Amino acid sequence: QVQVVESGGGLVQPGGSLRVSCAVSGRPFTKYGMGWFRQAPGKAREFVSTINWSGVRTSYVDSVKGRFTISRDSAKNTVYLQMNGLRPEDTAVYYCAVTGVADTLAVVAAAYTCWGQGTQVIVSS
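Throughout, residues of each chain are indexed from 1 in the direction in which the sequence is written. Note on the predicted model: pLDDT of at least 70 is required for a residue's local features to be given, and 80 or more for side-chain atom pairs to be given and counted; whole-chain, interface and lining totals, by contrast, use all residues. Each side-chain value is worked out from all heavy atoms of the structure, with water and hydrogens disregarded.

Novice: Where do I start with unusual backbone geometry in this structure?
Specialist: Excluding glycine, residues mostly carry a negative phi; peptide bonds, for their part, are mostly trans. Phi is positive for Arg-27, close to 45°, though the residue is something other than glycine. Runs of E in the DSSP output that reach at least two residues are strands. Runs of H or I that reach at least four are helices, and both are numbered from the N terminus. When you line up the elements, Arg-27 lands in the loop between strand S3 (18–25) and strand S4 (33–39). Since its relative accessible area comes to 67%, Arg-27 is described here as exposed. Think of it in three bands: residues with accessible area under 20% of the maximum for their type are buried, residues over 50% are exposed, and the middle band is partly exposed, with areas taken using a 1.4 Å probe on protein chains only.

The following block contains the structure:
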């Protein structure tokens, strides 16, 4: 059984930093990409960032470019999202997901097949 587990969410003040982690077990694919999505209260799920299997290709939604950094530890099937300069608009449940698109970058939710339960990130003073 494939498991995708996020961790590291919490409360942070505007301008602060937070790192969320995602651990995958059960090997959903021989090689796979991973991504982060978020869903704010009352809003649709939104793509945040993705990283390919090798970890050399990344993509970010415009609103987080320069503030967020995605990285991957392929050996441990773990992906991290370092979030700096957090804003209230970043408040959301952050979901980690797995995609069979391994070499290029998948930026749409439909490309992802395995999802975690999410970790809450609240940016507020």
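From this point on, the discussion continues.
Novice: Explanation requested: the nonpolar core in the structure shown.
Specialist: Most often, soluble globular proteins keep nonpolar side chains buried together rather than apart. As used in this record, nonpolar core signifies buried Ala, Val, Leu, Ile, Met, Phe, Trp, Tyr and Cys residues forming a set joined through side-chain atoms within 4.5 Å. In this structure, Met-34, Trp-36, Phe-68, Leu-81, Met-83 and Tyr-94 are the most contacted members of the largest nonpolar core, which totals 33 residues. Take this core: its biggest share by element is five residues, from strand S9 (residues 92–99). Here a residue-residue contact requires only that any non-hydrogen atoms of the pair lie within 4.5 Å. Setting aside chain neighbours within four positions, we find Met-83 in contact with Gly-16, Ser-17, Leu-18, Val-20, Arg-67, Phe-68, Tyr-94 and Val-121.

Novice: Explain the packing of aromatic side chains here, please?
Specialist: Two aromatic rings are characterised by how far apart their centres lie and by the angle between their planes. Ring pairs shown here join Phe, Tyr and Trp side chains whose ring centres sit within 6.5 Å, with only the six-membered ring taken for Trp; geometry is labelled stacked below 30 degrees between planes, edge-to-face above 60, and tilted in between. Under the criterion given, the structure shown has five aromatic pairs. With a centroid separation of 5.1 Å and 80° between ring planes, the pair formed by Phe-37 and Tyr-112 is classed as edge-to-face. With a gap of 75 residues between them, Phe-37 in strand S4 and Tyr-112 in strand S10 (residues 112–115) connect regions that are remote in the sequence. Assigned by exposure class, Phe-37 and Tyr-112 land together as buried. Two conditions define a charge located above a ring, namely a distance within 6 Å from the ring centre to NZ of Lys or CZ of Arg, and an angle within 35 degrees of the ring normal. When the ring centre of Trp-115 is taken as reference, the NZ or CZ atom of Arg-45 above it lies at 4.2 Å.

Novice: Got a minute to help me understand the pairing of strand S11 (residues 119–123) in this structure?
Specialist: Regular strands have side chains that alternate between both faces of the sheet. Alternating residues of S11 divide into Thr-119, Val-121 and Val-123, all buried, and Gln-120 and Ile-122, none buried. Two strands pair if DSSP finds at least two bridges between them. Where strand S2 (residues 10–12) meets S11, three bridges bridge the pair, whose relative direction is parallel. For Val-12, the partnering residue across the bridge sits in S11 and is Val-123. With three bridges joining them, S9 and S11 adopt antiparallel strand pairing. Residue Ala-92 lies in a different strand from S11, and its bridge partner there is Val-121.

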